[in-house]
Structures are given as structure tokens and as C-alpha cells.
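# Descriptive analysis of the structure
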Amino acid sequence: SDASGKLAVVHNGIIDNYLELKARLEAEGHPFQSDTDTEVVAHLVASYYEGDLHEAVRLATQELSGQYAIGVIQADFDELVTARQGSPLLIGVGEGEYFCASDCAAVLERTRRVVYLEDGDIAILRTDGLEVFDRFGKAVEREIQLLDWEIEQMQKGQFAHFMRKEIQEQPAAIERCLQGRLTRRKDAVDIPELRAFFGEHGLPSRINFAACGTSYHAALVGKQLIEELTGIPVEVEIASEFRSRPLSPESLVILVSQSGETADTLASLRHAQGQGNRTLGVCNVVGSTIARESSL
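The next subject is the side chain of Ser-294. As for its position among the elements, Ser-294 is in the segment after α10 (289-293). The buried category is assigned to Ser-294, whose relative accessible area is 9%. In this structure the side chain of Ser-294 is engaged in a polar contact, spanning 2.8 Å, whose partner is the backbone oxygen of Ile-290.

And the structure:
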């Protein structure tokens, strides 16, 4: 919270320039109780607050460098102001109620209707409505999407932990992916989206994967299969290394991320787009940033 205790912030992410901001705010007389970058956000918003919480958050976020998803409340007003840049943030839309969360699992028990905020967006949540603004303060409409997740998918069930559950669910997951895509030929799978994509652009001369963690390991398996079946050369790189390398203009860049929000993989997507490469996202969340921003 800020010094008054009336303004409070919840924050997911990393503020890269928090030390510079903290030094300035301390010089202005803001007393700090911790060494966290989150408290810097609270004091920064408070420094701009003059009765309009949305405007204070908008001005404060213009000074923040890094990745963040924040929620801000002020004791005198019945509203929650949220903002995102780089870190995932969605709004759950219920009946006379709204929620902000970094993942749909947090809201699924209350609602299946969600709004995915885009980078730079600021949203105001009230019991009587939701308003969304872009980074310039202009009101925008963001589509309400219906989650097709089941609550059982979010729970561990009989398993001790989620990793064990995901391992055991692999055969069923593969079966779901193949439903409606198997052809009469037993050795052929038809993915209409890929067929249309390559029909328009042609097959790539090379492929680059960018991913982190276990998604990187999955990409290594993909490399072996693609090279065996197509003869197209494939390179796989950790996304944090990939994001600064030059790319061949003919390369198709495949981004692999379970959440569709992995920061380094997102940076790799934008790096590829900035160099004019076609991009293909492989992720498990339909409305995630990678799913929305990839070419396919």
C-alpha cells in the first residue's frame, strides 16, 4: 500500500526501473516499508492520485519499464483498476460481478465468460459494469470469450500433483487433438488451418522453434519429427537466446508455450514479427497473447 494505507496494489511481474523510481519517490518524501518493486508501484500511483484512480494508474504505467499485471484499489471508491504489459491478465465477467486474474483457472468456478486484456490496456471494474481503455486513454471494446474448460481440468483429482496428471493425460490429449483431423488414410492427418496457411504462403525453407522449459523439450521432439518427415531443416532455441538473433526471411518461426503468455517466448514472437517472419503459435490457452498475435 501507499503511505496513507488507503491505496493498495497487487502486482505480478518485474519492474525493471523500480530502483530509479524508488530513489525519486523517496526524494519526494514517500516512506517505503520494503525493498519490493511492487511497493514502488503503489507509491508511484499515489503520487499521481488526485481523485481519479484511472488517470493515476494511466500516468503511473507510462513510467513503468518491464512486465506487469496490476490491480489497484482506493478506499474511497468502489472500483478496481487493472493494467497489463507483458504479464497475462484477464477479466472474468459474471452476473453483477467482475474479477481480474492472471489465469482462467482462478475464475472458472464463478464464470466462463472472460475478456483478455492486451498490452497497454487499463480496465475499470465496478459491480455495474466494465470499461477498457488503451494506453492512450481511449475507450476500446475487447471481445468477451467463452471458456470451454471444465472445472475438472483445473483440479488434480486422484493425482498427487499436476505434473503426474498431465503425464497420465497425454494419450487422451493426443486423441482430442486428432479428432476430426484424421483422414481415410491411416497414415495421414489433415489440419485445415495449416493446409490453408501453407497453401497461401508455401512451405518454409527452414523452421525455427522458440520455447522455454518443458516447451523447449517438446520442440526438440518436434524438430526430429519434422526433419524426418519433411526434410526441412529445423533449429530449436531457448526463447531468451532466440529473441536477439537475426533470422532468415524464409524461416517459419514456431512459438511453443503452455500458457501462451511466457514472457521470453512473447518477446521472441515480436522479434520474429519485427523481422517480417511468419509465425505459428502452439499453446494450450485459446485467448492467450501468443494465440492472438501469431500468424496462425
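With 12 residues, helix α2 (residues 37-48) ought to run about 16 Å at 1.5 Å a step, and its terminal C-alpha atoms sit 17 Å apart, in line with that. Within α2, burial applies to Asp-37, Glu-39, Val-40, Val-41, Ala-42, His-43, Leu-44, Val-45 and Ala-46. The inward-facing, buried residues of α2 abut β1 (7-15), α1 (18-27), α3 (53-61) and β2 (66-74).

Quick look at the nonpolar core now. In this structure, Val-45, Val-57, Ile-70 and Val-72 are the most contacted members of the largest nonpolar core, which totals 25 residues. Put simply, the parts of the chain that give this core at least two residues each are β1, α1, α2, α3, β2, β3 (80-85) and β7 (122-126). Residue contributions to this core peak at six residues, all from α2. In this structure, Val-72 is in contact with Leu-7, Ala-8, Val-9, Val-45, Leu-53, Val-57, Glu-79, Leu-80 and Val-81, ignoring residues within four places of it in sequence. If you look at the next biggest cluster of nonpolar residues, it comprises 12 residues, including Phe-197, Ala-211, Val-236 and Leu-280.

This paragraph deals with the environment of Leu-90. Along the chain, the position of Leu-90 falls in strand β4 (residues 90-93). Once the C-alpha coordinates of Leu-90 and Cys-104 are considered, the two residues, 14 residues apart in sequence, prove to be 7.5 Å apart. Each residue touching Leu-90, except ones within four places of it in the same chain, is listed here: Phe-99, Cys-100, Ala-101, Asp-103, Cys-104, Val-107, Val-114, Val-115 and Tyr-116.

What follows deals with the packing of aromatic side chains. Across all of its chains, the model carries one aromatic pair by this definition. Taking 5.5 Å as the distance between ring centres and 65 degrees as the angle between the ring planes, the aromatic pair formed by Phe-197 and Phe-198 counts as edge-to-face. Judged by relative accessible area, which is 8%, Phe-197 ranks as buried. Residue classification places Phe-198 among the partly exposed residues on the basis of a relative accessible area of 22%.

Quick notes on the rules
- Residues numbered from 1 in each chain as written.
- Predicted model: local features only at pLDDT ≥ 70, side-chain atom pairs only at ≥ 80, totals over all residues.
- Heavy atoms only, no water.
- Helix = DSSP H or I, 4+ residues; strand = E, 2+ residues; numbered from the N terminus.
- Buried < 20%, exposed > 50% of the residue type's maximum accessible area, 1.4 Å probe, protein only.
- Polar contact = N/O pair within 3.5 Å; in protein donor to acceptor, adjacent residues only side chain to side chain.
- Expected span 1.5 Å × (residues − 1).
- Contact = heavy atoms within 4.5 Å.
- Core = buried A, V, L, I, M, F, W, Y, C linked by side-chain atoms within 4.5 Å.
- Phe/Tyr/Trp six-rings, centres within 6.5 Å; stacked < 30°, edge-to-face > 60°.

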